[in-house]
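Residue-level listing of the chains:
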Amino acid sequence: MKKIILFFAGMMALGFSSCSDMLDVDGGRQVEMPDLTQKTDSLFYVAGIMEAMQHAAEVYVIQNELRGDLATTTIHSDRNLQELADFSATSANKYDSAYVYYKVVNNCNYYLAHRDTALYDGATNVTLDEYAAVLSFRAWAYLQLARTYGKVKFFTEPMTSLSQIQNNNSPELDIYGITNALAPELIRFKSAEIPYSGKLLPGGSNEILSRLCIPVDVILGDLYLEAGDYANAARNYYDFLFKNKIFSRNSISSFSPKEHLYANIPRDFGGVTFGSGTRSWSSWISSLSTVLSPFDATMDTGILTYVPMASTSLMGYTSELSILFGYNPYYLNSHGELSAEEYDSVFVKKQIVPSDAYNFIADSTDYYYQTNNPTNPQMSVMKGMGDMRARSRVGSYSLNNVKYEILGTYVQESPYVFLYRPTTIWLHLAEALNRMGYPDAAFAILKDGITDNMKGYSYVREETWNLLTTTLPFCSEDGRSEQSTVFSGSGTNHNYGIHRHGCSDNYGTSGDKSLYRMTDEVVKQIVALKKSFGEEITFTAVDRVADSIRIDDEIKNVLNDESLDEETKAEKLAELNARMNKLLKEKASLGNYDIRDVINAVEDILCDEYAMEFAFEGNRFADLMRLARNKNGKGSGEFVGSPASYGSNFGGRWLAKKLAFKNPVKNLEIESNWYLPFN
């Protein structure tokens, strides 16, 4: 109880008159509350919330990456990092800090309780968008608390005195309770404009907030996704993506395989062609930190929400993230031009490195290309050539005959934590669609992108096309006219598949021409599951080939039946052809497996895509936990959970196998062991 009181006492840190002392508070003194009725006071206060977000974002990355499967420790790692990695961390661990999230919560609570939302500049309300942004920050902090600790104290009033804290009777809520509590007010602000349409906040220093905010639709989608309400999650993601014309860009990684694989490159490989509107994913990622000018607030930068850190301690909060990954920008920033000998102070001993599990996912991936035959180009594939996104993130170079391997994510003047990119929303939408029973729509987001072209793709079923023209009308008549080429599949800037970022497929973005096929990828995942689980799980075979032969026989019988008049024969043939077309679509998407097996396999495909697209950015363990809960049926709808033939607690067993190489001291098949201690 004492620790909780101290925890909440720390949360009494509220907004003050400058960013430097905004979150400073002596435990024994009364906090002087700022006046939020004036625009400038309010702006300084929101900047104070962002300082709290800096502390939270750093811990968020470390907690999620060290407990996930993509990163591991080294002999140089601090004991606190090692304890996170092997799940032996106690509440004394340096990075077991609910305080950093509650500091965001309490600052937001104070703002929301005291900000006058009836302030107008002429006919324009000058506070509602800012108010919506603070609601989203608070929701993000509560989302991380639920992910990290399972069930946490929930309150929406500001804690400003010790008596309030000591007499606090706030309920303890899990993600389901938190979502139910926060969603109604967030829904009221779904129409908030900035920064969600890529516009700058109006006026002065407010412009810098244009990329720091979390869109209301997006945080609502994430809350619903975490709680297993897949339909509501998908709807909110759709609302954001469609309204703001957010698309997955035409980006393909530069071709840079590992050195020993160059001998395996076939003679018909002509390299990667970057056509009109195409930009290398490699340059995209490496340039993220250079395009964060608050005056460049279009969505074209590939960033929706980020948390910046200061480049020197004199300028604000400096993060240790870069140093943990082996790069010290602060030494470089303070010393200017360095001699070769001084680079040992910049490239420091790494405490967090990519794991063998990360390298395996990257190195075992197939790479697709178009042959360089000038008269008859064909699609081809290099098996196991690797996902080039990994080559973009983890590079190496030599200095004074010493080879340095460095993770590019945090090689910046000051590290940035990226909370949301356009692909984050698209892949979360894919996860929700998959669990709604539309694995073909989920795979389309990886392969081709959701566009009007999907109607002609062999693997997109009729019910999926209906969903995308009615419930989530990306491809509706209105969508085509209102959103121009973004979801039409034509023009330079339209939606593309995400898997091409690391594995190319040039010519194959038009459905059937690509060798990256849904049924093949599903079979790969099922083979991997069989290898991992053996006889623990079984799959349900569906012989759709035999079904199609039966329908074909029926068609022949109708054609040869002389007792039928032409009208009746035409009706019967139309019905049989419709059944055959439906079956062929199912065959191209589900193969010879039951849809529940396919949904589970597509979820594993998405898990690997998350790994390649977002590695080391702070998402990983939260993603693994959520997918494990999906597999255990912690949600709503017809397709929640895993097939009964996979046995009980399949999600827990799946997660434990993912992390077995870390030799965890706790049994990770048990969900309560996924959370950090909070007492």
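These figures come from a predicted structure and were not determined experimentally.

1. Concerning the side chain of Asn64
Now for step 1: By the secondary structure assignment, Asn64 is in helix H2 (residues 39–67).
Now for step 2: Here the side chain of Asn64 touches Gly618 through a polar contact of 3.2 Å, landing on its backbone oxygen.
Now for step 3: At 2.8 Å, the side chain of Asn64 and the backbone nitrogen of Ala622 are in polar contact.
Now for step 4: Apart from residues no more than four positions distant in its own chain, Asn64 is found in contact with Gly618, Asn619, Arg620, Phe621 and Ala622.

2. Topic: the pattern of salt bridges
Now for step 1: Within this structure, the stated rule accounts for 38 salt bridges.
Now for step 2: Put simply, Arg391 and Asp363 hold a salt bridge, and the shortest N to O gap is 3.4 Å. Of the two residues, Arg391 sits in helix H14 (residues 388–393) while Asp363 sits in helix H13 (residues 356–363), which places them 28 residues apart along the sequence.
Now for step 3: Under the relative-accessibility criterion, Arg391 is labelled buried at 16%.
Now for step 4: Between Lys634 and Glu671 there is a salt bridge, with its nearest N and O atoms 2.8 Å apart. With a gap of 37 residues between them, Lys634 in the loop between helix H24 (620–631) and helix H25 (650–658) and Glu671 in the segment after H25 connect regions that are remote in the sequence.

3. Description of the nonpolar core
Now for step 1: Counting residues in hydrophobic clusters, the biggest one holds 167 residues, and the most contacted among them are Trp140 and Phe474.
Now for step 2: With 13 residues, helix H5 (residues 128–149) is the largest single contributor of residues to this core.
Now for step 3: Leu261, Val272, Tyr367 and Tyr369 belong to the second-largest nonpolar core, a separate cluster that totals 10 residues.

4. Regarding the packing of aromatic side chains
Now for step 1: Within the structure shown, the criterion is met by 33 aromatic pairs.
Now for step 2: In textbook terms, an aromatic cluster arises when at least three aromatic residues are bridged by ring pairs, as seen for Tyr238, Phe242, Trp426, Phe474 and Phe487.
Now for step 3: For Lys631, the ring lying beneath its charged end belongs to Trp654, and the centroid distance is 4.9 Å.
Now for step 4: For the cation-ring pair, Lys657 lies above Phe533, with the distance from its terminal atom to the ring centre recorded as 5.0 Å.

5. Overview of a negative patch on the surface
Now for step 1: Side chains of Asp565, Glu566, Glu567 and Glu571 sit close together on the surface and give a patch of like negative charge.
Now for step 2: Within the secondary structure layout, Glu567 lies in helix H22 (residues 566–590).
Now for step 3: Looking at Glu567, the relative accessible area reads 59%, which means it is exposed.

6. Digging into helix H23 (residues 595–614)
Now for step 1: Helix length check: H23, at 20 residues, gives a terminal C-alpha distance of 28 Å against a target of 28 Å (1.5 Å per residue), a fit within 8%.
Now for step 2: Where burial is concerned, most of H23 is hidden: 18 out of the 20 residues are buried.
Now for step 3: Where H23 begins, one side-chain oxygen reaches toward the backbone nitrogen of Arg596, 3.0 Å away; that side chain belongs to Asp594.
Now for step 4: At the C-terminal side of H23, Phe616 shows a positive phi close to 70°.

7. Focus: the packing of H5 against helix H7 (residues 175–188)
Now for step 1: Packing of H5 against H7 brings their axes to within 10 Å, and their N-to-C directions diverge by 175°. Between H5 and H7, the crossing angle belongs to the class labelled roughly antiparallel. Contact residues: H5 offers Tyr131, Leu135, Ser136, Arg138, Ala139, Tyr142, Leu143 and Ala146, while H7 offers Ile175, Ile178, Leu182, Glu185 and Leu186.
Now for step 2: Here the residues of the contact of H5 with H7 sort into 10 nonpolar, one polar and two charged.

Procedures and definitions
- Residues numbered from 1 in each chain as written.
- Predicted model: local features only at pLDDT ≥ 70, side-chain atom pairs only at ≥ 80, totals over all residues.
- Heavy atoms only, no water.
- Helix = DSSP H or I, 4+ residues; strand = E, 2+ residues; numbered from the N terminus.
- Polar contact = N/O pair within 3.5 Å; in protein donor to acceptor, adjacent residues only side chain to side chain.
- Contact = heavy atoms within 4.5 Å.
- Salt bridge = Lys/Arg side-chain N within 4 Å of Asp/Glu carboxyl O.
- Buried < 20%, exposed > 50% of the residue type's maximum accessible area, 1.4 Å probe, protein only.
- Core = buried A, V, L, I, M, F, W, Y, C linked by side-chain atoms within 4.5 Å.
- Phe/Tyr/Trp six-rings, centres within 6.5 Å; stacked < 30°, edge-to-face > 60°.
- Lys NZ or Arg CZ within 6 Å of the ring centre and 35° of its normal.
- Patch = residues over 30% accessible without salt bridge, like charges linked within 9 Å, V, L, I, M, F, W, Y side chains within 5 Å.
- Areas by Shrake-Rupley, 256 points an atom, 1.4 Å probe, with all protein chains shown as cover.
- Lys, Arg positive; Asp, Glu negative; His and termini not counted.
- Charge placed at Lys NZ, Arg CZ, Asp CG, Glu CD.
- Expected span 1.5 Å × (residues − 1).
- Axes fitted to C-alpha atoms, helices over the stretch in contact; angles between N-to-C directions.
- Parallel < 35°, antiparallel > 145°, perpendicular 65-115°, else oblique.
- Nonpolar A, V, L, I, M, F, W, Y, C, P; charged D, E, K, R; others polar.

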